[in-house]
Amino acid sequence: MSAAGTPGTPEGSVAGRRLDEVVTALEPELVEIRRDVHAHPELGRQEVRTTALVADRLRAAGLEPRLLEGTGLVCDVGPDRSPGGLGRVALRADIDALPLDDSCGLPFQSVVPGVAHACGHDVHTTVVLGAGLALAALHDEGLLERGVRLVFQPAEEVMPGGALDVVAQGALDGVDRIAAVHCEPKLDVGQVGTRIGPITAASDTVTVTLSSSGGHTSRPHLTGDVVYALGQVITQVPAVLGRRLDPRSGVNLTWGAVHAGNAHNAIPATGTVGGTLRCLDVRAWERAGQVLHDAVEQVVAPYEVDVTVRHARGVPPVDNDAAVTGALEAAGAAVLGPDGVVLTEQSLGGEDFAWYLTKVPGAMARLGTGTPGERRYDIHQGDLVVDERAIGVGARLLGRFALQP
């Protein structure tokens with residue numbers, strides 16, 4: 001860290017050094033915008049205020065944001081035509097919050113009961129806004145050679161994700177690569193985590209419903225025992241998946257809810273178990289649904305119960321492109337030095353950024369938000385606190401990424 005408390009930036013290109021200067025000047029405003037967004041979180045497809053706030057700031061910079069149907073926006077920065085016919089570089093932020101109570105205890109804690117920016121999307125929004133404003137300033141000075149598209153996407157937390165809506169509205173038209181960051185409290189501020197290949201997993205929801213006529217627990221042989229059969233589904237089906245799908249795919253079926261009956265001496269007529277199916281490999285993900293259905297039906301076949309399997313596809317894995325990951329790493333090294341870029345672990349969490357990568361090459365980096373020597377928080381928890389110096393780091397990172405040829 002530099003004496004001013006901000007991660008140091010090595011010497012680089014004229015445009016890179018100028019971008020650093022502009023972001024430094026913007027940082028106080030970006031922090032205030034982040035706090036405003038944090039205090040006024042909005043759930044997926046309800047991000048009206050957040051969309052307006054971002055659009056107004058972009059217009060104030062002389063840009064022309066295009067509002068998307070519903071919520072969210074895209075905004076082009078820089079030249080329409082780039083040297084060599086290169087397409088635009090897209091920078092993506094997700095702008096929605098989670099249905100959680102905010103317990104961070106800070107002066108800008110959420111004023112909306114039951115809604116909180118507990119995943120860091122307020123930071124993502126401000127990072128992309130900061131990068132966009134800095135790149136716009138460089139364009140005005142003749143220092144931006146390649147066009148950039150800012151994507152402020154709604155409903156990341158609503159499966160299968162608002163990214164599908166954004167893509168359907170042409171957000172990737174003319175784009176040839178895309179990048180994003182995601183808050184990572186396990187990394188110190190001033191660090192960026194990257195990885196080639198799958199960095200997050202496919203994430204689907206699974207609900208298995210069993211039914212029979214029901215009966216007395218003293219006579220289980222006269223009815224289909226829903227509770228016993230549910231127990232077999234809970235214990236055996238994950239094991240079957242582990243033997244029918246390549247173990248290198250990281251397939252994981254974990255149950256989160258089970259419901260059956262109300263009385264100790266009555267076999268209920270219905271019961272359900274629900275969970276998530278996650279997978280790091282696209283090919284295994286494409287097969288997993290049929291394997292799941294077959295496994296459930298075979299496991300419960302001896303118990304004479306009726307079975308319904310509901311498998312709702314969520315998102316595919318975020319599979320980071322090698323070349324785009326390399327470009328992010330180069331940008332990170334320019335901003336933070338070579339020691340600031342680290343190999344990050346895979347996660348079985350889902351991220352709808354994956355949908356963009358089915359259309360164009362792209363990569364997501366993990367943005368360190370932890371304060372060295374202090375408590376480590378976790379995302380999707382109401383008490384999440386991020387080190388706000390990460391906003392400047394992220395804006396510089398994505399800005400430098402966009403400057404690369």
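Look up: the structure comes first, before these words.
Residues numbered from 1 in each chain as written. Predicted model: local features only at pLDDT ≥ 70, side-chain atom pairs only at ≥ 80, totals over all residues. Heavy atoms only, no water.

1. Comments concerning the pattern of salt bridges
This is how the line gets drawn: We define a salt bridge as a side-chain nitrogen of Lys or Arg found within 4 Å of a carboxyl oxygen belonging to Asp or Glu. Starting at the N terminus, helices and strands are each numbered in turn, a helix being any DSSP run of H or I of at least four residues and a strand any DSSP run of E of at least two. Relative accessibility thresholds used throughout: buried, under 20% of the residue-type maximum; exposed, over 50%; partly exposed, between the two (1.4 Å probe, protein chains only).
In total, this model carries 27 salt bridges according to the counting rule given. One salt bridge connects R49 with D36, and the closest N-O pair in it is separated by 2.9 Å. Of this pair, R49 sits in helix 2 (residues 48–60) while D36 sits in helix 1 (residues 14–39); the two residues are 13 residues apart in sequence, bridging distant segments of the chain. According to the relative accessible area criterion, R49 is partly exposed, its value standing at 35%. Residue D36 is classed as partly exposed on the basis of its relative accessible area, which comes to 24%. A salt bridge links R389 to D387; the nearest nitrogen and oxygen atoms lie 2.7 Å apart. Exposure remark for D387: the relative accessible area of 9% places this residue in the buried category. One continuous salt-bridge network, built from bridges that share partners, spans E32, R34, R35, D122 and E388.

2. Here we look at the layout of surface pockets
Short version of the rule: Here a cavity denotes grid points, spaced 1 Å and computed from the protein atoms alone, that fit a 1.4 Å probe unable to get out, and a pocket denotes an open set having protein on both sides within 12 Å along at least 5 of 7 lines; residues with an atom within 4 Å of a point are the lining. Grid points are joined across faces, edges and corners, and a volume is the space filled by probe spheres set on the points. When residues are grouped by polarity, Ala, Val, Leu, Ile, Met, Phe, Trp, Tyr, Cys and Pro land in nonpolar, Asp, Glu, Lys and Arg in charged, and all others, Gly among them, in polar.
The space that makes up the largest pocket amounts to roughly 450 Å³. Contributing to the lining of the largest pocket are 22 residues, with H182, S347, G349, R366 and I379 lying nearest its centre. Only strand 5 (175–188) and strand 16 (362–370) provide two or more residues apiece to the lining of the largest pocket. At five residues, the largest contribution of residues to the lining of the largest pocket is made by strand 5. Here the second largest pocket is characterised by a volume of approximately 300 Å³. Along the walls of the second largest pocket sit 18 residues, with A15, E145, L403, Q404 and P405 positioned nearest its centre. For the lining of the second largest pocket, the secondary-structure elements that each account for two or more residues are helix 1, helix 7 (322–336) and helix 9 (389–403). Taken together, the residues that form the lining of the second largest pocket break down as eleven nonpolar, four polar and three charged.

3. Focus on the sheet that holds strand 8 (residues 202–211)
Heads up, the condition is: Only strands that DSSP links by at least two bridges are regarded as paired with each other. Only the stretch in contact is used when fitting a helix axis, every axis being a line fitted to C-alpha atoms; angles between N-to-C directions are given from 0 to 180 degrees.
The strand order 10-12-8-13 describes an open sheet built from four strands, whose pairing is antiparallel. One side of each edge strand has no neighbouring strand; the edge strands of this open sheet are strand 10 (252–260) and strand 13 (306–315). Sheet twist, expressed as the mean angle between neighbouring strand axes with direction ignored, is 15 degrees. Bridge count between strand 10 and strand 12 (residues 270–279): eight bridges; the pairing is antiparallel. What sits directly across from V258, in strand 12, is V273.

4. A word on the sheet that holds strand 2 (residues 73–77)
Note the following rule: A contact between two residues is defined here by any heavy atoms of the two lying within 4.5 Å.
On the basis of which strands lie adjacent, the open sheet formed by eight strands has the order 1-2-4-3-5-16-6-15 and mixed pairing. This sheet does not close on itself; its edge strands, each paired only once, are strand 1 (66–67) and strand 15 (341–343). As judged from the eight bridges shared by strand 5 and strand 16, these two strands associate in the parallel manner. In the sheet register, A180 faces strand 16, and the bridge partner there is M364. Against the sheet, helix 7 makes contact with strand 5, strand 6 (192–194), strand 15 and strand 16, and its axis sits at roughly 35 degrees relative to strand 16, the strand it touches most.

Such coordinate-based values are descriptive only and should not be taken to indicate function.
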